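# Structural features, examined
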Amino acid sequence: MTAEKITMQDQQLKTPNEPIIPFIAGDGIGPEIWDAARAVFDEAVEKAYKGKKKVAWKPLLAGETAFKQTGEWLPEETVKALQDNLVAIKGPLTTPIGHGHRSINVTLRQKLDLYACFRPVKYYEGSPSPVKEPQNVDIDVFRENTEDIYAGIDIESGSKEADQLQQLLKENGQLEKVRFPETSNYAIKPISEQGSKRIVHAAIDYAFKHNLSHVTLVHKGNIMKKTEGSFKKWGYEEAEKYGERVFTMNTYADIKAEKGQEAADSALTAAEYAGRLIINDVITDNFFQQSLLHPENFDVVVTMNLNGDYISDALAAQVGGIGISPGGNINFETGQAIFEATHGTAPQFAGQNKLNPTSIILSGAMMFDYIGWHEAAKLIQDAIAVAIRGKHVTLDFAKQLPGSELLSTSEYGNFIAKTIDFS
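Rules used in this analysis
Residues numbered from 1 in each chain as written. Predicted model: local features only at pLDDT ≥ 70, side-chain atom pairs only at ≥ 80, totals over all residues. Heavy atoms only, no water. Axes fitted to C-alpha atoms, helices over the stretch in contact; angles between N-to-C directions. Helix = DSSP H or I, 4+ residues; strand = E, 2+ residues; numbered from the N terminus. Left-handed = near helix turned anticlockwise from the far one by under 90°. Contact = heavy atoms within 4.5 Å. Nonpolar A, V, L, I, M, F, W, Y, C, P; charged D, E, K, R; others polar. Pairing = 2+ DSSP bridges. Core = buried A, V, L, I, M, F, W, Y, C linked by side-chain atoms within 4.5 Å. Buried < 20%, exposed > 50% of the residue type's maximum accessible area, 1.4 Å probe, protein only.

Attention now goes to the packing of helix H8 (residues 249–259) against helix H9 (residues 261–273). In contact at an axis separation of 7 Å, H8 and H9 are set at 145° when each is read in the N-to-C sense. The chirality of how H8 crosses H9 is right-handed. For the pair H8 and H9, contact is made by Tyr-252, Ile-255, Lys-256 and Lys-259 and by Gln-261, Ala-263, Ala-264, Asp-265, Ala-267 and Leu-268, respectively. Partitioning the contact of H8 with H9 into residue classes produces six nonpolar, one polar and three charged.

Next comes the structure, spelled out in structure tokens:
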């Protein structure tokens, strides 16, 4: 075999038998969880394809590790390698709060236009959970990844930019809405029609591909009418392009206004019976309540950047925490994607070989699914299920599961790999 790049042809990924896949081990606990994960990945590929396929891993630098070696937090050669090879995986990267360099994660998403943060949240039997019925949580979150507050348009009080912004607000009769203008900092929240529609499109396509029933737009449009309210409006507009394949709650509202409640309910029931995809929406705070009370009512959730950050972590907490939560940042139009551990670097535990590598392992399974290696992905997911169900777990779970076998990071990775080998 010869190592080759993954390419995008006719809107489809083309994966060679030995794809070059870049990886960034990450900072803090990153290197040790990556080592555990890589052993699992290689075993799954070998078991699934009997030597006919393998990954040519390509190491790249980013984050604190890169800064110490090169003086740059995100070397240009790393960005270029990610662009050239389309699909990559990474561990957690250091992001100082309140000072220093900007988030590398956010920078990568914007440089590579990885507009969809895809976070599937599901329960693995045996995972410790604070809720009574975590098995009811099976929700795929699509978070817009390039706009919103994460655009990084931050303005400090007393600066020239703050003065200019306050003057603009004054000229437009808006400054009186600022309670303490002289000491206020500002952040600007861009929400665009293009950004909103493409993330909603991705979510709907995913729902159709996986035979799911509902796509829910989550927003705070009752308060942020021009930004999040427009996200809702544009989302419904995008949904309506699918014609008779979908039934939107806009349609429901129109029928109700014209023919009454009974007719609207009847139309909705008929749409559900016919297997049409239902597109609805919910206010963000209500979503948090409903996702605790009735998570089974949600299949695919699509929302903006900040909401998505909160939602994906909150849902993860219901099924065991972000330590086992996978994630991918994807541009479904170009094929560019980075799969990643969704937790932090935990520098206080670095080098102790203690923490849970499941997040990056399951992110690797997502990556294999994405490139079309579904057999390898399933082997990994099944082995994780065996480990958790049998209480072969790392420190975070062992403390909550009486009678569990406490494994180090590397031991856990070896257990998963051996479980694959004997499957």
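Having seen the structure, we can now continue with the description.
Here we come to the sheet that holds strand S11 (residues 246–248). If you walk across this open sheet you meet the eleven strands as S4-S3-S5-S15-S14-S6-S7-S13-S10-S12-S11, and the pairing is mixed. The two strands at the open ends of the sheet, each matched to only one other strand, are strand S4 (56–59) and S11. For this sheet the average axis-to-axis angle between neighbouring strands, irrespective of direction, equals 25°. Where strand S5 (residues 87–90) lies against strand S15 (residues 337–341), four bridges are found, and the strand directions are parallel. In the sheet register, Val-87 faces S15, and the bridge partner there is Ala-337. Across the sheet, helix H1 (residues 30–49) is in contact with strand S3 (20–24), S4, S5 and S15; its angle to S4 comes to roughly 165°.

Phe-368 and Ile-380 are the most contacted members of the largest nonpolar core, which totals 77 residues. Other than its neighbours up to four places away in sequence, Phe-368 contacts Phe-41, Val-45, Val-55, Trp-373, His-374, Ala-376, Ala-377 and Ile-380. Counting 14 residues, the second-largest nonpolar core is a separate cluster that includes Ala-62, Leu-93, Leu-112 and Ile-338.

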